[in-house]
Amino acid sequence: MFRRHDSSNAKNIATRERFAGKGTELFAILMILIGLTTNALAQDVNVSGKVTDAKTGGIPGVTITIKGSTKGTNTDVEGNYQISVPGNSTLTFSAIGYETQDVAVGNKSTLNVTLAEDVKALEEVVVVGYGTVKKKDATGAVSALGSKDFQKGIVTSPEQLMQGRVAGVQITQSSGEPGGGINVRIRGTSSVLGGNNPLFVIDGVPLSGDNTSSGGDNQGVGRQPAKNPLNFLNPDDIASMDILKDASATAIYGSRGANGVVLITTKRGKGKGALDYGYSLGISNITKKYDLLDAEGYKAAGGQDQGSNTDWQDLLFKTALTHQHNLSYGGGDASGNYRFSLGYMNQDGIVETSNVKRYSVGFSGTKKFIGDKLTIGSNLNFANTQDTGVPISENIGFEGDLMGSILKANPTRAAYRGDTLNQSTTTEPNPLAFVKLSKDNSNTLRALGNINAELEIFSGLKFKTVLGFDKSMSTRKQAYSRDLVVAGIEKIGRVYIRDVESNNQLMENYFTYDKEIGSVTLNALLGYSYQSFESGSKNVAAANFRTSNLDLMINNLGIAGTVGIKDATALSSVGSVIQNSSYTKDELQSYFGRLNLGFGSKYLFTGTLRVDGSSKFGGNNKYGYFPSGAFKWKLVEEDFIPKTVFTDLSLRIGYGVTGNQAIPHNVYDRRDRYDGYSINQGGDGITGGGLNAVAFNNPDLRWESTAAVNLGIDFSILKGRLSGTVDLYNKSTKDLLFKVVAAQPAPNPFVYRNLDTDIQNRGIELALTGVIVDGKKFSWEMVFNASYNKNLVKNLIGTYDTGEINGQGLSGAFAQRLAEGQPLFAYFLREFGGFDDNGNSLYPAGDFQTFLGGKSPLPKVNAGLTNNLAFGPFDMSLFFNGVFGHYLYSNTANAFFTQGSFANGRNVTKDVIGNGEGALNAPDVSTRFLEKGNFVRLQNLSLGYRVPMKANKVLSNARIFVTGQNLLTFTKYSGQDPEVSTNKSLNDIPSFGIDYTAYPRARTWTVGVNVSF
């Protein structure tokens, strides 16, 4: 076979080989160039710049992240930043209140960015129960507070955060004790037995309002109150508080909304993961001591000289320190968020040995699934609160508790005789012995939280289910040594151990539907709720101890369903030990719905109905119905309103019915119960027991209801520089739940009834916010609120006494009475007219008690004024609050500051000496001890400095602050503090505005720092 040689083909092959060789060279060169370019692009570029807006200049705290990664930084206080990024990266700039912006870096080393305001984010949203609404669209009377509005400094419980900040809300701290009780009144006092505090809802879980710890025993040192049940919640974990005030807003909570609703929302994580830490140190001292006679003055006035010089107030009151640590870590994006927090507070009281410690843990988180159709979330708050109390009571007689003994102790008496406490008689105890020979420790564990899931079924329709819980366990251990010379304790010794446990569970399911049909907007809510409330207690008491060792006395009693004595030698052969226990369970089943309609952004309608069924009521009235309706007209949308004057002008009107079911468990069935046992005064005998009736058959007992109408105006003028609201309201409470004396003979002395009585509260509220200066370098905002409320009882048949007054010769005395035509808890006193020539009291109107023209302990006017200023990195807040138009009764002066008290060897205030009173005069309950309670207080002064964070790779934010609380009080009240209300209940009817040996208030300075990493 012959092969033909083709010269052209050979040429082509050679050509291909030549080009193939050059192609390899070109490919190699190309690869080198790509490698060099890639290496260049892989080199990090240092980028710096400033983030600003069109209004204020530099924006602090802007989150800057490399798109597609988690690496990032934050701007400093002036809006500057610095970050190292790979070449050709894109940076994402985000901040609350501004639109997120992506910017390509390219080859730039300097990158300045201007963010635009996010109009949607700037529209304030308020929580209204089972949802939120834009504040401008709220038809009811709702006040919203954010963290910037809260009271600063040492704050033990959430109520203190809003004190003086909201029109129509009065908050009274009953004593200055760490963790002490607080009274909250929204638009006046509407009930007697049903409780007047609002309903608190934390992250959607309504609280029962019951005490989670035990009160003290009445023997020896008098009755002592339980601690504030809201102390478990760390205020640093709270993001916002929304206060629902009128019935159209609170009716969604039906039977528990009559006294208003406070919705507390805890903080959520946002932005890239950030670690925040805060520490503060508080230093507290007593604001005012009683002007008592010193040793020289006491002797000069004729007092018995016991050879010493003791200032009992200096001895028992101290400088107290408070340490607070708060640590949190959290973050979030559009798909979910998370936040963990740890808190520690250790607050000493200004009275020796008193203290409260709180260890808290918090978690919140949400996550979206199934294409963002399903959202699962959870909130948890856990706290261990440890209280160390002191024997300060509400109702001890002239013998005195710790405070009473401090006030009346002879200043020439020595505290010690050598190394031994100087004690004499049971009627004149040594104040120092009270704290040295007693112990009062409470430990409360409380966990509250929920898990929830929300599913978007189709566009606009969502279903949400919530499972919530609120569980607490508390033990209070009190011991009084047999060496304490006090009646009922001396040579006996007593121990009280009280366990309180509660377990509340919540299940809620509801649908929400949002739809826009042309110019009509619709929002609908339909749901079901079930909540159970279980409560149990075990109380153990023992007396007649051989030992004086307080720890041994407490630890020799064990509680495990029965009492165990671990060391029989601790108790004498005639020692007494008793145990009592109780358990109750109440249930609340509810159906609720709400419809919001908007027409052309001008007219807004809201209708609400809640149906509550409670196990506290009999079969004839098991369910209560609570409707409401509200209308809002946005006048600013009308053509006849000048837009050059008003940026907002709206008219609101609402009406609704809410209820109150805060009565004891099952008072409608005939029930028998064994009486509790107690140890008698001598400590060597036990009384009590026996089966007795505690309730009649009463199937017609029904809900207490409050109907209210509200008329409001919202406005904003001067291009938004001045805005505010004005509200007028009228509340009327009917079917008053009351405990009345049963017609005898009867198996039970009392019975619960609905009285055909009307308790009225009428008032007006004003809230203003003004921007005085709005500059880049300096700004000044002023916030003012004021409210007026008039309370009146109508159609009450009969009279009911309360306001027990204690002191020598005052057995059975009282100062207040409920009656037709008077305000609640109106004073009922003799009118004091000075002293006659023999030093006896004069009563010009007659020696009998009478009403005093409606003089009441309920304030008529509450006001608050806040100034917020910022100058560069400095910020300052100045807050005043005032309360006016009420009277206080000083049971302290009635019991201790009289000539008769001095004649019996007790100390008194200087004004008693030479006041014309005779030593044998009876210090009757009279206007002599009634004083105006008006006051204005510089409640809070806070100064902060935000440290510049230029080029700081560790800290993204740091702020140093100093805060003063309770700095100045302007008042004519002679007591230690005009903000006081000791519980002086009588016949189970509460009182208000009586001052009796209250734990004194403190002035506190706090320094601290907050940093973010």
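Note that the coordinates shown come from a computational prediction; the quantities given were computed from them, not determined experimentally.

This brings us to the overall build of the protein. In terms of regular secondary structure, the protein is built from 10 helices and 56 strands. A separation of at least 24 residues holds for 70% of the contacts in the protein among residues at least 6 apart in sequence. Of the side chains in the protein, 99 bear a positive and 92 a negative charge, and the two mean positions are spaced by 6 Å.

We now examine the sheet that holds strand β7 (residues 101-104). The four strands are arranged β4-β3-β6-β7 in an open sheet whose pairing can be described as antiparallel. Lying at the two open borders of the sheet, with one neighbouring strand each, are β4 (72-74) and β7. Geometrically, the sheet is characterised by an average inter-axis angle of 20 degrees between neighbouring strands, direction not taken into account. Direction of pairing for strand β6 (residues 90-94) relative to β7: antiparallel, over a ladder of four bridges.

Applying the stated rule across the entire model yields 10 cavities of 30 Å³ or more. There is about 370 Å³ of room inside the largest cavity. Every residue lining the largest cavity is counted, 29 residues in all, and those nearest its centre are I154, Q160, Q173, G176 and Q347. When residues of the lining of the largest cavity are traced back to their parent elements, those giving at least two are β20 (336-348), β54 (957-971) and β56 (1002-1012). Looking at the lining of the largest cavity residue by residue, the class counts come to nine nonpolar, 17 polar and three charged. Size it by volume and the second largest cavity reaches roughly 200 Å³. Around the second largest cavity sit 25 residues that line it, and Q170, I171, T172, N862 and V883 are the ones nearest its centre.

So, about the environment of S240. Its place among the elements puts S240 in strand β16 (residues 238-244). Sequence separation of S240 and G68 is 172 residues, and the distance between their C-alpha atoms is 32 Å. With near-sequence residues (within four places) excluded, S240 lies in contact with L145, G146, F150, L263, I264 and T265.

Now for the side chain of S213. Positionally, S213 belongs in the loop between β15 (205-206) and β16. S213 gets classed as buried once you look at its relative accessible area, which sits at 7%.

We now examine the packing of aromatic side chains. Within this structure, the stated rule accounts for 25 aromatic pairs. Where F814 meets F828, the ring centres are 6.1 Å apart and the plane angle is 5 degrees; that geometry is what we call stacked. Placement of the pair is F814 in strand β46 (residues 814-818) and F828 in strand β47 (residues 826-829), with a sequence separation of 14 residues. As far as burial versus exposure is concerned, F814 and F828 are alike and both buried. The rings of Y130, Y253, Y510 and F592 are connected pair by pair, giving a single aromatic cluster. Above the face of the Y843 ring, R830 is positioned so that its terminal group lies 6.0 Å from the ring centre.

Moving on to the nonpolar core. L316, V390, L402, I406 and L484 are the most contacted members of the largest nonpolar core, which has 32 residues in total. Of all elements in the fold, only α5 (312-316), α6 (402-408), α7 (431-436) and β28 (520-545) reach the threshold of two or more residues within this core. When sequence neighbours within four positions are dropped, the list of residues in contact with L316 reads I350, V351, E352, L402, I406, P431, L432 and V435. Ranked by size, the runner-up nonpolar core spans 27 residues in total, among them Y827, V908, F929 and Y996.

Together, R762, K790, K794 and K860 line one region of the surface with positive charge. As for its position among the elements, K790 is in strand β44 (residues 778-794).

A separate point is the environment of Q822. You can see Q822 is positioned in the loop between β46 and β47. Overall, Q822 belongs to the buried group, its relative accessible area being 13%. For the pair Q822 and D348, spaced 474 residues apart in sequence, the C-alpha separation works out to 42 Å. Leaving out residues up to four positions away in the same chain, Q822 has contacts with L792, V793, F851 and G854.

So, on to the pattern of salt bridges. Throughout the structure, instances matching the rule amount to 35 salt bridges. Residue R268 is joined to D203 by a salt bridge in which the shortest nitrogen-to-oxygen separation is 3.3 Å. One end of the pair, R268, is in the loop between β17 (261-266) and β18 (271-286); the other, D203, is in the loop between β14 (199-202) and β15, with 65 residues separating them in the sequence. Looking at D203, the relative accessible area reads 13%, which means it is buried. Here D305 ties to K299 by a salt bridge, and the two come within 3.9 Å at their closest N and O atoms. By relative accessible area, which is 45% here, D305 ends up partly exposed. Via salt bridges that share partners, K632, R652, D714 and D727 belong to a single interconnected network.

So, on to a nonpolar patch on the surface. On the surface, L275, L327, Y329, Y338, F340, L342, V361, F382, V954 and F1013 cluster together to form a nonpolar patch covering roughly 850 Å² of accessible area. At three residues, the largest contribution of residues to the nonpolar patch is made by β20. The exposed category is assigned to V954, whose relative accessible area is 55%.

Read from one edge of the open sheet, four strands run β45-β46-β47-β48, paired in antiparallel fashion. Lying at the two open borders of the sheet, with one neighbouring strand each, are β45 (800-804) and β48 (850-851). Pairing geometry for β45 and β46, over four bridges, is antiparallel. By the bridge assignment for β46, T802 is matched with Q816.

Here is what the cut-offs are and how they apply
Residues numbered from 1 in each chain as written. Predicted model: local features only at pLDDT ≥ 70, side-chain atom pairs only at ≥ 80, totals over all residues. Heavy atoms only, no water. Helix = DSSP H or I, 4+ residues; strand = E, 2+ residues; numbered from the N terminus. Contact = heavy atoms within 4.5 Å. Lys, Arg positive; Asp, Glu negative; His and termini not counted. Charge placed at Lys NZ, Arg CZ, Asp CG, Glu CD. Pairing = 2+ DSSP bridges. Axes fitted to C-alpha atoms, helices over the stretch in contact; angles between N-to-C directions. 1 Å grid on protein atoms, 1.4 Å probe; cavity = no way out; pocket = protein on both sides within 12 Å on 5 of 7 lines; lining within 4 Å. Points joined across faces, edges and corners; volume = space filled by probe spheres on them. Nonpolar A, V, L, I, M, F, W, Y, C, P; charged D, E, K, R; others polar. Buried < 20%, exposed > 50% of the residue type's maximum accessible area, 1.4 Å probe, protein only. Phe/Tyr/Trp six-rings, centres within 6.5 Å; stacked < 30°, edge-to-face > 60°. Lys NZ or Arg CZ within 6 Å of the ring centre and 35° of its normal. Core = buried A, V, L, I, M, F, W, Y, C linked by side-chain atoms within 4.5 Å. Patch = residues over 30% accessible without salt bridge, like charges linked within 9 Å, V, L, I, M, F, W, Y side chains within 5 Å. Areas by Shrake-Rupley, 256 points an atom, 1.4 Å probe, with all protein chains shown as cover. Salt bridge = Lys/Arg side-chain N within 4 Å of Asp/Glu carboxyl O.

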